[in-house]
Amino acid sequence: MELFTQLFGDLLAFVYHCFDRIVIYGYLSGLSRPEQVVHFFRHVVGVPVVSKEVLSQRTTDYQAWVEAFARNHRLPIEWAEKGVRKEDHVVPWQRRIARKRAYGVYYIFKSMEQGPTFRVSVPKYPTKDPHHRILAPQRSRFTHYYFYIRDETLGPMVIRVASFFPFQTTYYLNGHSFIEQELNRARIGFRKTDNAFLAVADVAALQAAADKLSPQIIRKRLDYWTLILGPKFSAKERSQLNLSRFYAIAQIEYCRNFIFKRNFPIHKLFERSCEFGLWRLTADKIAEIFGARLNRTMRGKLATVIDRIEHGHHVFRAYFKHAFLKQYEKFATFLRNELVSNNLADFHLKKGLDHLDAVRERFQTITGRFAGFQAQWLNVHVDFPLLQRLGLPITIGAVRYPGIKIHDPRVIRLLEVLLHGGSQVGGWTAKQIHHAVFTTFHLSDSTYGLNQLRYDLRKLKAHGLLQRDGSCYAYRLTPKGVQVALLFLFFHKRLCGPLANSRFHHCPDIHHKPASKLEAAYHRADKAIQQIVDLLAA
């Protein structure tokens, strides 16, 4: 992570990390199992037979309460239409309540969806208790209510309440909304677009607000809204059953946001990251990023893909079991690395809301490791100051050593031998290197003598490219020398060689009359370059 910020430090405005999307399931701890439901109706409510009609009556009562709540508060309540995104539909009402600086419910959606319920059946064989019924958990379609809320602490949030026993609730939160509320309370100026902060007066305060989101804050607000909007129980029922909600993390997203001062490098940087990710992010690298050991018994996905989502942006994804890392650019304003988990067991983490801090710590490590790998891959540009420094003479003590030129054939031959011919761990003596050079390139002692080799070795050693073991006078390349040797050889073999070879193997036919204007322009450019080469040769 530090390497990434150092690499693009002059282009980055600031970097922050936070929770993005959090989906939490809420379970009624006293009515989650069939035997608890039977006990509730028979011993608390006083119903002798737990039947389908008894369960349906609770659903009818709650649905009537929701309709009355919407009518009394003049809230729009509608059925969700197929193909219409709920979040986009409620935007005008969300902006209206934000302009008023009010808090509370501003919209209610009804939707037919599958959810956990109980199936009631009569025993196949008669029992001693004629009122005995079998309750078994199942999934079926019934009405769910989506309450769109503007909370004074968590900001915009959504609560989905199932209208059938066991009344499971789902909470959709966003960490950026919580940060926005914190910055507004602290009166810190910022600019926020969609789901990211593009400018802020105090970056440290922004990160402090992101780190402030805790299980205690979330639980307090969820308990408050569940009490108001959830199914109703009488005082007698609450006192005898001790009803409470257990909150478990179903899905969570943690992101690192890189905000650039200008937008021109974002797209190019993302393109290059996708290329390196597809080719170099192999299964072992993915396992290393996620902190797991790769073995044959591992289940789930290990893959990298590039997806194109609805709004036209490409998204790079690296899958690991039921989780994935994704990177994308948005609105040419920021670059985001985001870790999404649908099952915290993949990371050996517990899903209870109390373990949110452990999730934050683990996900910070993974996203930071991913950014570090990307920085290593992106830090491959040619270091022209390095070539300039190597070409300049250097003085050590009273001795002055000349510079190393990238076009010097003696240096190229020597570096190639040292790079590819190092079969001895301890290094090579000068005589062994000399023999390898003139046998590999078919030279003679008069062309390249031993004294010339020793001169070149001293020059490489002075520039820090070569090191010598004084006990046996053996030479080997330093880490810097390996990088310079690769750079020199790639320059000559991958660039100069193909260009020089193509110079003699291709010449456009001057009598050819291309039909394409673009091809004709290429022919005219090639002819002009050839004239320049002929003039220089003359």
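Parameters and conventions
- Residues numbered from 1 in each chain as written.
- Predicted model: local features only at pLDDT ≥ 70, side-chain atom pairs only at ≥ 80, totals over all residues.
- Heavy atoms only, no water.
- Helix = DSSP H or I, 4+ residues; strand = E, 2+ residues; numbered from the N terminus.
- Buried < 20%, exposed > 50% of the residue type's maximum accessible area, 1.4 Å probe, protein only.
- Contact = heavy atoms within 4.5 Å.
- Areas by Shrake-Rupley, 256 points an atom, 1.4 Å probe, with all protein chains shown as cover.
- Patch = residues over 30% accessible without salt bridge, like charges linked within 9 Å, V, L, I, M, F, W, Y side chains within 5 Å.
- Salt bridge = Lys/Arg side-chain N within 4 Å of Asp/Glu carboxyl O.
- Lys, Arg positive; Asp, Glu negative; His and termini not counted.
- Charge placed at Lys NZ, Arg CZ, Asp CG, Glu CD.
- 1 Å grid on protein atoms, 1.4 Å probe; cavity = no way out; pocket = protein on both sides within 12 Å on 5 of 7 lines; lining within 4 Å.
- Points joined across faces, edges and corners; volume = space filled by probe spheres on them.
- Nonpolar A, V, L, I, M, F, W, Y, C, P; charged D, E, K, R; others polar.
- Expected span 1.5 Å × (residues − 1).
- Core = buried A, V, L, I, M, F, W, Y, C linked by side-chain atoms within 4.5 Å.
- Pairing = 2+ DSSP bridges.
- Axes fitted to C-alpha atoms, helices over the stretch in contact; angles between N-to-C directions.

Trainee: Account for the overall build of the protein chain, with residues named and values stated.
Mentor: Counting secondary structure elements, the protein chain contains 18 helices and 17 strands. When burial is assessed residue by residue, the protein chain has 43% of its 538 residues classed as buried. Put simply, of all contacts in the protein chain between residues at least 6 apart along the chain, 65% involve residues at least 24 apart. Total accessible area on the protein chain is roughly 30,300 Å²; 54% of this is exposed by carbon and sulfur atoms.

Trainee: If you had to explain a positive patch on the surface to someone new, which residues and values would you point to?
Mentor: Positive charge collects at one region of the surface, where Arg95, Arg96, Arg99 and Lys100 lie side by side. When you line up the elements, Lys100 lands in the loop between α5 (91–99) and β3 (104–121). With a relative accessible area of 63%, Lys100 lands in the exposed category.

Trainee: Please set out the layout of surface pockets residue by residue, giving values where relevant.
Mentor: Taken as a whole, the largest pocket holds about 2,000 Å³ of empty space. Looking at which element gives the most residues to the lining of the largest pocket, the answer is helix α6 (residues 175–186), with five residues. Here the lining of the largest pocket is built from residues that sort into 15 nonpolar, ten polar and 20 charged.

Trainee: How would you summarise helix α2 (residues 34–45) if you had to cite specific residues and measurements?
Mentor: With twelve residues, α2 extends 15 Å from end C-alpha to end C-alpha; this agrees with the ideal 16 Å at 1.5 Å per step. Among all positions of α2, only Pro34, Gln36, Val37, Phe40, Phe41 and Val44 are buried. Turning to α2, the residues buried within the fold contact α3 (52–72), β3, β4 (134–151) and α9 (235–241). One or two steps after α2, the chain reaches Gly46, where phi turns positive at roughly 90°.

Trainee: Break down the environment of Asp469 for me, with residues and values.
Mentor: Following the sequence through the fold, Asp469 ends up in strand β16 (residues 466–469). Excluding residues within four positions of it along the chain, Asp469 makes contact with Ala474 and Arg476.

Trainee: So what's going on with the nonpolar core? Residues and values would help.
Mentor: Side chains of nonpolar character tend, in soluble globular proteins, to be buried together. Judged by nonpolar contacts, the single largest core of 63 residues is most densely connected at Ile24, Val105, Phe147, Ile252, Phe290 and Phe363. In this structure, Leu386, Leu415, Leu460 and Ala485 belong to the second largest nonpolar core, which totals 28 residues.

Trainee: Explain the sheet that holds strand β10 (residues 301–308) to me, using residue names and the numbers behind them.
Mentor: Reading across the sheet, the eleven strands line up as β2-β3-β4-β5-β6-β1-β9-β13-β12-β11-β10 and stay open at both edges, with mixed pairing between neighbours. Two strands close off the open sheet at either side, each with one partner strand: β2 (77–79) and β10. Strand-to-strand, the axes of this sheet are offset by a mean angle of 20°, without reference to chain direction. Across eight bridges, strand β12 (residues 323–330) lies against strand β13 (residues 334–341) in antiparallel orientation.

Trainee: Describe empty space enclosed by the protein, naming the residues involved and giving the relevant values.
Mentor: The rolling of a water-molecule-sized probe over the atoms marks out the regions of remaining empty space. Within this structure, the stated rule accounts for one cavity of 30 Å³ or more. Roughly 40 Å³ of volume is contained in the largest cavity. Around the largest cavity sit Ile22, Leu154, Leu173, Asn174, Gly175, Phe178, Leu213 and Ile218, which together line it. Of all the secondary structure elements, the ones that give two or more residues to the lining of the largest cavity are β6 (169–174) and α6.

Trainee: Please provide a residue-by-residue account of the pattern of salt bridges, values included.
Mentor: For the structure shown, the criterion picks out 17 salt bridges. Lys326 is paired through a salt bridge with Glu338; the nearest N and O atoms lie 3.6 Å apart. You can see Lys326 sitting in strand β12 and its partner Glu338 sitting in strand β13, a full twelve residues away along the chain. Residue classification places Lys326 among the buried positions, given a relative accessible area of 14%.

Trainee: Summarise unusual backbone geometry; cite the residues concerned and give the values.
Mentor: As a rule of thumb, non-glycine residues mostly have phi less than zero, and peptide bonds are mostly trans rather than cis. Note the cis peptide between Phe165 and Pro166, where omega equals 10°. With respect to the helices, strands and loops of the structure, Pro166 is situated in the loop between β5 (155–162) and β6. Positive phi is not limited to glycine here, since Lys321 has a value of about 55°. Here Lys321 shows up in strand β11 (residues 314–321). A relative accessible area of 24% places Lys321 in the partly exposed class.

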